[in-house]
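Chain residues, written in single-letter form:
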Amino acid sequence: MPLTASLRRSSRAGAPGTDRHATATLGAAVLGFFMITLDATIVNVALPSIHDALGGGITSLEWVVDAYTLMFAALLLSAGSLSDRIGARRAFGAGLGLFIVASLACGIAPTLPVLIVARVVQGIGAAVAMPTSMALVRQAFPDPARRGRAVGVWAMGGAVAAAAGPVLGGVLSLASWRMIFWINLPVGLVTLALLSRTPHSPTRPAPFDWIGQFTAILAMGGLTFGAIEAGEAGLTAPQVLISLAVAVLALAAFVFAQAKVAHPMVPLTLFRSRTVVVATGIGFAFMVGFYGLPFVFSLEFQQQHGLSALGAGVAFLPMMLLSAFLTPFSARIAERTGPKVPVIAGLVLMAAGSLALALVPSSAPVWATALLLIPIGMAGPLVMPPTTALLLEHVPAEQTGTASGVFNTSRQIGGALAVAVFGALISGPAGFQHGLVISLALVAAIALVAALATTRVGARRHADA
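The shown structure was predicted, so the numbers you read here are calculated from the model rather than taken from an experiment.

(A) Structural view of empty space enclosed by the protein. Applying the stated rule across the entire model yields three cavities of 30 Å³ or more. Within this model, the second largest cavity holds a volume of roughly 60 Å³. Lining the second largest cavity are Phe297, Glu300, Leu357, Val360, Pro361, Ser362, Thr369, Gln433 and Leu436. Listed by contribution, the elements that provide at least two residues to the lining of the second largest cavity are helix H12 (274-304) and helix H20 (432-454). The class makeup of the residues in the lining of the second largest cavity is five nonpolar, three polar and one charged.

Set out below in structure tokens:
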């Protein structure tokens, strides 16, 4: 389904002026989500080209990827709170502008340290823009049915980026690795042009919770850094244990502060809603599989089967393309069956696909593994758009940014922990294949637990006490 047709369909029922604003808002949110997701997936395959041009060791090259991930994860909660306080439109514009400038800096970076610093700034911009893109959709589509369709279109931006990232990165790096960053400039300018046509967002003036901001950044930063280092040094390395200990202590301090301060960054009352709690858990469980499995199978394809980075990206195409194709239809499915049915079906598909992959012998051809990854890809459109729409429906409008920050933080934690744990398993003394099977079993178990929890979500709106 063409993107423009999807945008028009999602904003069909209102007044002409309102529809134009809604379409522009959704277009900006979709393109913003596209760029943020693309930059999380496009860089990996260009690392050899970056090494040839700028030098550096393996650890430095890893930080080209991880610097973005670290800042993105650490600031998501703070960005969601900022969005509610200053307005989603203003926060999205600021984050997007910073992201575009940082993309330009990445593309012209003369040395590897400069590139890493620019990636840090990119991660900051992405963290501000991600939860605010969800808040913009909530603002533009107050009607739950239309909002569900709009969320499906919004999710398509991420699905297309996830599908295109590895292959597009491989193609662009054939010309120049700098192109993978410069591609953000025209897309970003179009996004800002659409944003200029959107109405101003409501604000919730309140003092900033500086204790909450600091402890949240410390908790998420410590957790993500520990996960990144665990993939290289192992889960028992001193820097990993220290980072995780800092994360746990900071999280405890954060929860205590949120219960005591007058204007908390994340009001704990938000979690009185069963729907919010379950949606957050679904986001975590989904990313364990959808982010963790491509990580381990990318290594499987390259290290065990001898594929190039571009070849490994092509092997993921059936999974990613089907996910992108089905995403626009997820809202229609949810409208006919209710959101629980597709979410449970998607999580069960993820579990079934993981168990099937665990039974495949290491000698199986790549095409067989690529086909068995398709159920994992199908879980994306079945799980995430209905879950996102359900979350937005069950939080007050003035807390949309905060709820979006919490939701995306849980997703980021799921992805980061999956990479850390699965990386430790496949590099353990039992060997790659044994670690791969254990990783797949963990994905299946977590997905099934999330599916079971989804059955506890009430079918009636606001019936989640």
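On we go from here.
(B) Spotlight on helix H19 (residues 400-426). Counted at 1.5 Å a residue, the expected span for H19 with its 27 residues is 39 Å, and the 39 Å between its end C-alpha atoms agrees. Among the 27 residues of H19, 24 are classified as buried, and the element is accordingly described as predominantly covered.

(C) The side chain of Arg138, seen in detail. Tracing the backbone through its elements, the reader meets Arg138 in helix H6 (residues 112-140). Exposure remark for Arg138: the relative accessible area of 15% places this residue in the buried category. Engagement of the side chain of Arg138 in a polar contact is seen with the backbone oxygen of Leu392, the distance being 3.2 Å. Ignoring sequence-local partners within four residues, the contact set of Arg138 consists of Arg147, Leu392, Val395, Ala397 and Thr400.

(D) Up close: the packing of helix H16 (residues 340-359) against H20. With their axes 8 Å apart at the nearest point, H16 and H20 run at an angle of 165 degrees to one another. It follows from the interaxial angle that H16 and H20 lie roughly antiparallel. Crossing of H16 over H20 shows left-handed handedness. For the pair formed by H16 and H20, the contact residues are Lys340, Val343, Ile344, Leu347, Val348, Met350, Ala351, Ser354, Leu355, Leu357 and Ala358 on the first element and Val437, Leu440, Val443, Ala444, Ala447, Leu448, Ala450, Ala451 and Thr454 on the second. For the contact of H16 with H20, the per-class residue count stands at 17 nonpolar, two polar and one charged.

(E) Summary view of the confidence of the model for the protein. Looking at the protein, the pLDDT average stands at 82 and 93% of residues meet or exceed 70. Every residue in residues 459-465 is under pLDDT 50, and counting partners more than four places away or in other chains gives 13 contacts.

Reading the values: rules and limits
Residues numbered from 1 in each chain as written. Predicted model: local features only at pLDDT ≥ 70, side-chain atom pairs only at ≥ 80, totals over all residues. Heavy atoms only, no water. 1 Å grid on protein atoms, 1.4 Å probe; cavity = no way out; pocket = protein on both sides within 12 Å on 5 of 7 lines; lining within 4 Å. Points joined across faces, edges and corners; volume = space filled by probe spheres on them. Helix = DSSP H or I, 4+ residues; strand = E, 2+ residues; numbered from the N terminus. Nonpolar A, V, L, I, M, F, W, Y, C, P; charged D, E, K, R; others polar. Expected span 1.5 Å × (residues − 1). Buried < 20%, exposed > 50% of the residue type's maximum accessible area, 1.4 Å probe, protein only. Polar contact = N/O pair within 3.5 Å; in protein donor to acceptor, adjacent residues only side chain to side chain. Contact = heavy atoms within 4.5 Å. Axes fitted to C-alpha atoms, helices over the stretch in contact; angles between N-to-C directions. Parallel < 35°, antiparallel > 145°, perpendicular 65-115°, else oblique. Left-handed = near helix turned anticlockwise from the far one by under 90°. pLDDT = per-residue confidence, 0-100.

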